[in-house]
Amino acid sequence: ADSAEEVERLMASEPVDAVVSRTVPLSARAIAACPTLKVVSKHGVGVSNIDVEAATARGIPVYVTPGANAPSVAEMTLGLMLAAARRIGWMDRELHEGRWSRAQDGVELQGRTLGLVGFGQVGQRVARVGLALGMRVAAFDPAIGEGATPVAGVRMLPSVEALLPLSEVLSLHVPLNRHTHRMLGAAQLAALPRGAILVNTARGEVVDEAALVDALRSGHLHAAGLDTMADEPLPAHSPLAALPNVVLTPHVGGSTPAALAAMAEGAARNVLGWLQGRPADPSACVNPQVLSSSIPAH
């Protein structure tokens, strides 16, 4: 299905037991229209396109596939970080257009501090490579206490506010929810060291885009590498597309064949396990409160 309306029509007319969701919205209306629906699984980890509240009200578990696309997203993060630091995208375009434009103002990452907002499987992978490059690495994650760290050599901080002034490269690895929506605004960007680099492979809406554009134009930020934007597809006249110090990719961090296959397999395992009475690990469920009250079909 290519649209929310098409999903709603389909679910109103067919006895659907399970939904595997990618990017099209799964609305409260669609969930209400389908009395047979028993389980939902996201093909990925971000559930901002699924009305989880409506599913929870019906006692329907919503699963995700944590870790399935983590290697690919982490590698895209590193690619954007390196490209933004050295203006790789800009030089590539210049040479393709016949100009020998040699940007020699690139940022050497060794010795710089990499700040990670969110320290799950993707953030931890990025941290290990940052350490291997000779970077200092600091992170904040509300689920991990200050001091304790899953990756040796990473300094865990008590808040985003404590992380920002240290982060010469800041990379975002958080889900989109009411706590993270526009969590990086003008004040937060101003708290980053002058010449910092922002990398976002999470969700575009986590950043106030107008404030980001201002920080890039003013030179407060050296560059940004963005796989996600607030409006997707990127509007034709977006100021982000006109800035020479922005590297853009079209939300494909988790879209390698390897990651797509792993997410598809994980999503299928989630729904089949629930329908066959062998539920997946509760940590893969975003509304685990329904698990104790729901009885899987046998």
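Scroll up to find the structure.
Here the residue numbering is sequential within each chain, running from 1 through the sequence in written order. Per-residue local features of the predicted model are confined to residues with pLDDT of at least 70, and side-chain atom pairs are confined, for both listing and counting, to 80 or more; whole-chain, interface and lining totals are unaffected and use all residues. In computing side-chain values, all of the structure's heavy atoms are included and hydrogens and water are not.

A. The arrangement of empty space enclosed by the protein in detail. Throughout, the protein atoms alone are placed on a 1 Å grid, and a set of points is a cavity if a 1.4 Å probe fits but cannot get out or a pocket if it is open with protein on both sides within 12 Å along at least five of seven lines; lining residues have an atom within 4 Å of a point. Grid points are joined across faces, edges and corners, and a volume is the space filled by probe spheres set on the points. Within this structure, the stated rule accounts for 2 cavities of 30 Å³ or more. Forming the boundary of the largest cavity are Ala83, Ala84, Arg87, Gly89, Trp90, Arg93, Ala223, Pro244, Asn245, Val246 and Val247. Put simply, the parts of the chain that give the lining of the largest cavity at least two residues each are helix H4 (70–86), helix H5 (88–96) and strand E10 (246–248). A total of 3 residues in the lining of the largest cavity trace back to one element, the largest contributor, which is H5. Reported here for the second largest cavity is a volume of approximately 30 Å³. Asn200, Gly204, Val207, Glu209, Leu212, Leu226, Thr228, Met229 and Leu240 together form the lining of the second largest cavity. A per-class count over the lining of the second largest cavity returns 5 nonpolar, 3 polar and 1 charged. Runs of E in the DSSP output that reach at least two residues are strands. Runs of H or I that reach at least four are helices, and both are numbered from the N terminus. Following the grouping adopted for this structure description, the nonpolar residues are Ala, Val, Leu, Ile, Met, Phe, Trp, Tyr, Cys and Pro, the charged ones are Asp, Glu, Lys and Arg, and the polar ones are all others, Gly among them.

B. Layout of the sheet that holds strand E6 (residues 154–156). Two strands pair under a simple rule: DSSP has to find at least two bridges between them. Taken together, the 7 strands give an open sheet; going across it, the order is E6-E5-E4-E7-E8-E9-E10, and neighbouring strands pair in parallel fashion. Only two strands of the sheet have a single neighbouring strand rather than two, namely E6 and E10. Neighbour-to-neighbour, the strand axes of this sheet turn through a mean angle of 15 degrees, independent of strand direction. By the bridge criterion, 4 bridges tie strand E7 (residues 169–172) to strand E8 (residues 196–200) in an arrangement that is parallel. Pairing of Leu170 across the sheet is with Leu198, part of E8. Throughout, a residue-residue contact means that at least one pair of heavy atoms, one from each residue, lies within 4.5 Å. Here an axis means a line fitted to C-alpha atoms, over the contact stretch when the element is a helix, while the angle between two N-to-C directions is reported on a 0 to 180 degree scale. Each of strand E4 (113–117), strand E5 (136–140) and E6 touches helix H6 (residues 121–132); the most contacted strand, E4, lies at about 175 degrees to it.

C. Structural detail: the packing of aromatic side chains. Between rings of Phe, Tyr and Trp, where Trp is taken as its six-membered ring, a pair exists when centres lie within 6.5 Å; planes separated by under 30 degrees are stacked, by over 60 edge-to-face, and by other angles tilted. Counting across every chain of the model gives 1 aromatic pair. Taking 6.4 Å as the distance between ring centres and 55 degrees as the angle between the ring planes, the aromatic pair formed by Tyr63 and Trp274 counts as tilted. Placement of the pair is Tyr63 in strand E3 (residues 62–63) and Trp274 in helix H11 (residues 257–275), with a sequence separation of 211 residues. Each residue gets one of three labels from its accessible area relative to the maximum for its type: buried under 20%, exposed over 50%, partly exposed in between, using a 1.4 Å probe on protein chains only. We classify Tyr63 as buried; its relative accessible area is 0%. Taking relative accessible area as the criterion, Trp274 reaches 4% and is therefore assigned buried.

D. Just the pattern of salt bridges, in detail. Note on definitions: salt bridges are taken to be side-chain nitrogens of Lys or Arg within 4 Å of carboxyl oxygens of Asp or Glu. Inspection of the entire model under this criterion finds 7 salt bridges. In this structure, the salt-bridge partner of Arg29 is Glu8, at a minimum N-O distance of 3.5 Å. With Arg29 in helix H2 (residues 28–32) and Glu8 in helix H1 (residues 4–13), this pair connects stretches of sequence that are 21 residues apart. Here Arg29 falls in the exposed class, since its relative accessible area comes to 60%. Take Glu8: its relative accessible area is 17%, and that puts it in the buried class. Its salt-bridge partner being Glu168, residue Arg136 comes within 3.9 Å of it at the nearest N-O pair. With a gap of 32 residues between them, Arg136 in strand E5 and Glu168 in the loop between helix H7 (160–163) and E7 connect regions that are remote in the sequence. According to the relative accessible area criterion, Arg136 is partly exposed, its value standing at 48%. Accessibility expressed as a relative area gives 23% for Glu168, which makes it partly exposed. Connected through salt bridges with shared partners, the residues Glu94, Glu97 and Arg99 form a single ionic network.

E. Inspection of a nonpolar patch on the surface at higher detail. Distance thresholds for patches are 9 Å for like charges and 5 Å for nonpolar side chains (Val, Leu, Ile, Met, Phe, Trp, Tyr), applied to residues having over 30% relative accessible area and no salt bridge. Accessible areas in this description were obtained via Shrake-Rupley with a 1.4 Å probe; residue shielding takes into account the shown protein chains only. A cluster of nonpolar side chains, namely Leu82, Ile88, Val129 and Leu133, defines an oily patch on the protein surface of about 290 Å² accessible area. Here Leu133 shows up in the loop between H6 and E5.

F. Expanded view of the sheet that holds strand E2 (residues 39–42). Read from one edge to the other, the open sheet built from 3 strands follows the order E1-E2-E3, with strand pairing classed as parallel. Whereas interior strands pair on both sides, the edge strands pair on one side only; in this sheet they are strand E1 (18–21) and E3. Sheet topology places E1 next to E2; 4 bridges connect them, and they run parallel. Paired with Ser21 across the two strands is Lys42, which belongs to E2. Here H11 sits on the sheet and contacts E1, E2 and E3; the angle it forms with E2, its principal contact strand, is near 165 degrees.

G. Seen up close, the layout of surface pockets. Looking at the second largest pocket, its volume works out to about 240 Å³. In terms of lining, the second largest pocket is formed by 14 residues, of which the most central are Ala1, Val7, Val19, Val20 and Ser21. Mapped onto the lining of the second largest pocket, the elements with two or more residues apiece are H1 and E1. In terms of residues, the lining of the second largest pocket owes the most to one element, E1, which gives 4 residues. Each residue belonging to the lining of the second largest pocket can be placed in one class, and the counts come to 11 nonpolar, 2 polar and 1 charged.

Note that all results are geometric; they support no functional claim without further evidence.
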